[in-house]
Amino acid sequence: MMEDGKGNLWFSTYNGICRFTIATKTCRNFSQSDGLQSNQFSFNAGLALTTGEFLFGGIKGFNIFYPDSVYERKETPRIFLTGLKINNTSVEDNSPVTKRTFEKPEQITVPFDKAIVSLDFVALEYTGADKIKYAYMLEGWDKNWNEVNNTRTANYSRLQEGNYVFKVRVTNADGVWSKETRLLEIRVLPPWYRTWWAYLIYTLVLVSAVTLYILYNKRQERLRYEIKLAHLEKEKEKELTEKKITFFTHISHEFRTPLTLIINPLKELFKGKNNGEAGKDISMVYRNARRLLSLVDQLLLFRKVESVDQQMRIERFDMAEVCHEVFLSFSQHAVAKNITFVFNRSDHDVFIYADKEKIEIILFNLVSNAFKYTNAGGNITMEIFEFEKNIEIAVRDSGSGIPADTGNKLFDSFYQADNKDKASQTGFGVGLYVSQKLAIAHHGRLSYTSVKDKGTEFRLTLLRGKEHFASQYISEDYKGGETILHELVDEPLAENSLPDNGQLRKNKSEVIDKLTSELPAMVVVDDNAEIRSYIRSIFAGSFNIYEADDGSGGYDLVIKEMPDIVISDVMMKKTGGIELCKKIKENPAVAHTPVILLTASSSDEAKLKGIEGGAEDYITKPFDKEIIVARVQNILKGRNRLQQFFFNAVTLKPSSTIAGEHKQFIEKCMAIVENHLDNPEFTIQTFCKEIGMSHPSLYKKVKAVSGLTVNVFIRYLRLRKAAELLINTDKTIVEVTYITGFNDIKYFREQFSKLFEMNPSEYVKRYRKVLGSKEVGKSESPLRK
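Asks: Where do I start with the packing of helix α8 (residues 551-561) against helix α9 (residues 577-586) in this structure?
Replies: Relative orientation and spacing of two packed helices are given, respectively, by the angle between their axes and the distance between those axes. Viewed as axis vectors pointing N to C, α8 and α9 meet at an angle of 25°, and their least axial separation amounts to 9 Å. Our classification of the angle between α8 and α9 gives roughly parallel. The way α8 lies across α9 gives a crossing that is right-handed. Here G551, G554, Y555 and V558 of α8 come into contact with α9, specifically with L580, K583 and I584. Counted by class, the contact of α8 with α9 contains 4 nonpolar, 2 polar and 1 charged residues.

Asks: Would you explain unusual backbone geometry in this entry?
Replies: Working note: non-glycine residues mostly have negative phi, and peptide bonds are mostly trans. The phi torsion at R158 lies on the positive side, around 55°, for a residue other than glycine. For R158, the position within the fold is in the loop between β15 (153-156) and β16 (162-170). Of note in the backbone geometry, N338 takes a positive phi value of approximately 60° without being a glycine. Among the secondary structure elements, N338 is positioned in the loop between α3 (319-336) and β19 (340-344).

Asks: How should I be thinking about helix α15 (residues 710-728) in this particular structure?
Replies: Spacing of three or four residues puts side chains on the same side of an α-helix, whose turn is 3.6 residues. Helix length check: α15, at 19 residues, gives a terminal C-alpha distance of 27 Å against a target of 27 Å (1.5 Å per residue), a fit within 8%. Most of α15 is tucked away, with 15 of its 19 residues classed as buried.

Asks: Can you help me understand the sheet that holds strand β21 (residues 379-386) in this one?
Replies: Note on sheets: strands pair through backbone hydrogen bonds, and any given pair is parallel or antiparallel. On the basis of which strands lie adjacent, the open sheet formed by 5 strands has the order β19-β21-β22-β24-β23 and mixed pairing. The sheet terminates laterally at β19 and β23 (445-451), the two strands that pair on one side only. Put simply, the sheet's adjacent strands are angled 15° from each other on average, direction ignored. The sheet contact formed by β19 and β21 spans 5 bridges and is parallel. Across the sheet, the residue bridging to T340 is N379, located in β21. Most of the contacts of α3 go to β19, to which it runs at about 170°, and overall it touches β19, β21, β22 (390-397) and β24 (455-463). Contacts from helix α4 (residues 356-372) reach β19, β21, β22, β23 and β24 within the one sheet, and its direction differs from that of β22 by about 25°.

Asks: What should I look at first to understand α4 in this one?
Replies: Across its 17 residues, α4 extends 24 Å between first and last C-alpha, which sits within 8% of the 24 Å expected from 1.5 Å per residue. Here α4 lies mainly inside the structure; 13 of its 17 residues are buried. The N-cap of α4, judged by a side-chain oxygen 3.1 Å from the amide nitrogen of E357 a few residues on, is D355.

Asks: Even after reading the chapter, I still don't get a nonpolar patch on the surface, so can you show me in this structure?
Replies: A grouping of W192, Y193, W196, W197, Y199, L200, I201, Y202, L204 and V205 is seen on the molecular surface, where their side chains present a nonpolar patch of about 1,100 Å² in accessible area. Along the chain, Y193 turns up in the loop between β17 (181-188) and α1 (196-272).

Asks: Could you clarify how one ought to interpret the packing of α3 against α4 in this entry?
Replies: For the pair α3 and α4, the least separation of the axes is 10 Å and the interaxial angle reads 35°. Both α3 and α4 take part in a crossing whose hand is right-handed. Here M319, V322, C323, E325, V326, S329, F330, H333 and A334 of α3 come into contact with α4, specifically with K356, I359, E360, L363, F364, V367, S368 and F371. A per-class count over the contact of α3 with α4 returns 11 nonpolar, 3 polar and 3 charged.

Asks: I keep staring at the pattern of salt bridges and nothing clicks. Help me out?
Replies: When the charged atoms of two side chains with opposite charge come close together, those side chains can pair. Within the structure shown, the criterion is met by 17 salt bridges. For the salt bridge of K167 with E180, the shortest nitrogen-to-oxygen distance reads 3.2 Å. Taken together, the residues span a long stretch of sequence, with K167 in strand β16 and E180 in the loop between β16 and β17 at a distance of 13 residues. When its relative accessible area of 7% is taken as the criterion, K167 is described as buried. In this structure, the salt-bridge partner of R396 is E383, at a minimum N-O distance of 3.0 Å. One end of the pair, R396, is in strand β22; the other, E383, is in strand β21, and 13 residues separate them in sequence. By relative accessible area, R396 is classed as partly exposed at 26%.

Asks: Can you help me understand the confidence of the model for the protein chain in this one?
Replies: Predicted coordinates in areas of low pLDDT are best not read in detail. On average, residues of the protein chain carry a pLDDT of 77, and 76% of them reach 70 or more. This model gives residues 481-509 a pLDDT under 50, and the stretch forms 33 contacts once residues within four places in sequence are excluded. Confidence over residues 770-785 falls short of pLDDT 50; this stretch has 21 contacts with residues more than four positions distant or in other chains.

Asks: Quick question: what am I supposed to make of the packing of aromatic side chains here?
Replies: The geometry of an aromatic ring pair is captured by the separation of the ring centres together with the interplanar angle, meaning the angle of the planes. This structure, assessed with the given rule, holds 23 aromatic pairs. For the ring pair F56 and F65, a centre distance of 6.1 Å and an interplane angle of 15° mean the geometry is stacked. Taken as a pair, F56 and F65 share a single burial class, namely buried. Taken together, W10, F30, F41, F54, F56 and F65 form an aromatic cluster joined through their ring pairs. A cation sits over an aromatic face here: R316 above F351, 4.0 Å from the ring centre.

Asks: Is there a simple way to think about the nonpolar core in this case?
Replies: A general trend in soluble globular proteins is that nonpolar side chains are found buried together. Ranked by internal contacts, the top residues of the largest apolar core, which has 43 residues, are M319, F341, M382 and I393. In terms of residues, this core owes the most to one element, α4, which gives 9 residues. Aside from chain neighbours lying at most four places away, what touches M382 is C323, F327, F341, V342, F343, N344, V367, I393, A394 and V395. Counting residues in hydrophobic clusters, the runner-up holds 28 residues, among them I86, I108, Y136 and Y156.

Scoring rules and cut-offs
Residues numbered from 1 in each chain as written. Predicted model: local features only at pLDDT ≥ 70, side-chain atom pairs only at ≥ 80, totals over all residues. Heavy atoms only, no water. Axes fitted to C-alpha atoms, helices over the stretch in contact; angles between N-to-C directions. Helix = DSSP H or I, 4+ residues; strand = E, 2+ residues; numbered from the N terminus. Parallel < 35°, antiparallel > 145°, perpendicular 65-115°, else oblique. Left-handed = near helix turned anticlockwise from the far one by under 90°. Contact = heavy atoms within 4.5 Å. Nonpolar A, V, L, I, M, F, W, Y, C, P; charged D, E, K, R; others polar. Expected span 1.5 Å × (residues − 1). Buried < 20%, exposed > 50% of the residue type's maximum accessible area, 1.4 Å probe, protein only. Pairing = 2+ DSSP bridges. Polar contact = N/O pair within 3.5 Å; in protein donor to acceptor, adjacent residues only side chain to side chain. Patch = residues over 30% accessible without salt bridge, like charges linked within 9 Å, V, L, I, M, F, W, Y side chains within 5 Å. Areas by Shrake-Rupley, 256 points an atom, 1.4 Å probe, with all protein chains shown as cover. Salt bridge = Lys/Arg side-chain N within 4 Å of Asp/Glu carboxyl O. pLDDT = per-residue confidence, 0-100. Phe/Tyr/Trp six-rings, centres within 6.5 Å; stacked < 30°, edge-to-face > 60°. Lys NZ or Arg CZ within 6 Å of the ring centre and 35° of its normal. Core = buried A, V, L, I, M, F, W, Y, C linked by side-chain atoms within 4.5 Å.

Structure below.
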């Protein structure tokens, strides 16, 4: 160890020569790269010479130098990037470099899944290279400088997306640190789910979700409001319906009083006049009054059954006896309808606790329903079955049956099955609903089995004993009075007995009278026999009446009989009146036949449908006798006006214009005849062929429109053409005779005089125009006369 003139201490070591500056307390080590013979010096081999030089001896000689001449290098070497690997692959194999300066890369772009970067760097210093130290930092990733001494490689993995700057600084051989050097910009791309467009999608999805959530909440709030509103409306409708039913019930009660006052006198009057036409009329009125009373009673039952639980009067009675009473009530009705009605019962009594009135209502409904759907010649059976815990009453019929898809809907209020067109009577569809309600009120059950077109069986099941009833409804000493349906069984015998020989002879005589009578024909179509009978009684002296019970049969009658008028009901079981009217008007052979429609509806829409169907008139039920007679007379007068129009057209006299298909028919006939004027062999067969109608159809059509036969009709048209030729040309009477198809001049004069009330010569003198005259338009003509 030696001290130089500046107070610095110099040491020889086994690793070069070291200078210690006391002022700064720093060491500077000199090695073989600084010019020493070696880095290892010998122990105590140092000498300060008088010349001011220091001499240190080592294993390879000695070094001699002036300590004041040793200076520090302030320059630092330049730093370069020498190697770059991405995901362990050299950039030469994969080129993510996006910016270069000559061959020097300045910026690279790395995908997120390959963000593993390795960088090699070096300082350009060849003397004292072993004394150079390095430090690097990846700006944006590292927080501090990484001092790595002589290590010249930096490795980074799992870099997140973003922009980074790789910086390096280095020391020179004297240990002086250089300024930081930017070697490379690194841009790591984000994964697809963190790109800007991904965030845009996330934003849109989020906004959409929030919007949908808001809309959903609004919709739910609106639904809750609508449900609440619907609930309020339902309550109001229920309240209004209750008021309507109450009002209707009161009206029904009011109906019963006048109906009772009507029925009882009619019953007495019927008993006093059971024969003759008057007796039949009274019988018809009496039966319909009874029918109206039964419908009113059904409505009253429907109202009462809603609160049937509070109206129960439970008593002990013989069920077999009640069934027998029902059987007796309908036995006369079965004879009248030619139906076999049988009641099978045991010899002993069958006692049960129930409300007798309600049970009678159920049985009446079941038996009445069986009669409704059973045709003449069928059979109905009522039978009681006893079991340990219950009894069953079965009502079987051989009627039309119930469709298989009906199910329990049959017991819904106002429900009517698809086979209602096979019923002998119509109702409201409340009978089975009432029966089901009453059976449930008795803790029983009402069920049915049915086979289409083979029959139906209803079965009422009731529990034995009284334990299932509340004690307040049980009355051991109560004896029920007459039921609400007791009036329905007291009906007069239907007058369906077979006619005797005298009656048969009378019917045969009536048929012959119709064939030979000159009276006009009328077809009456209605599914109600009493309505048909009433209309027949009105027009019996003025028309030959033909009857049908539905539109299909009525149309066949119209085609067969070619009537002068048709009266039809609108609503019928099969083909209705409007459909019948359309079919008539679409057939040219009978399209001229006027149709009057009858309906129970007074709405303008129903009338419009009838008029659009081609009906001439529309009458609302109930109707007065005078009204329907006046309507028929007016229509027939219109037919007379049509015939007068034809006659005036033939005789060239002025007439009111009649538009429509009748005028078209007349004009078509005139055109056909005019085309064959010069053909004396023109026959009816030729006429039928050209107009496209059969001989009978043409005859009846021409007769209805003109009032003439076809031969006379053709002759009149020939004479009409002859009259036109006589007044519009200068042809002679003889020429006109042969031109219009007349071979006999005498016959022509005779027929011309009958039609025009003057002979051809007088007709020419009075009406012929002066040819070429300017006064032609002013000359007198029969069209102005």
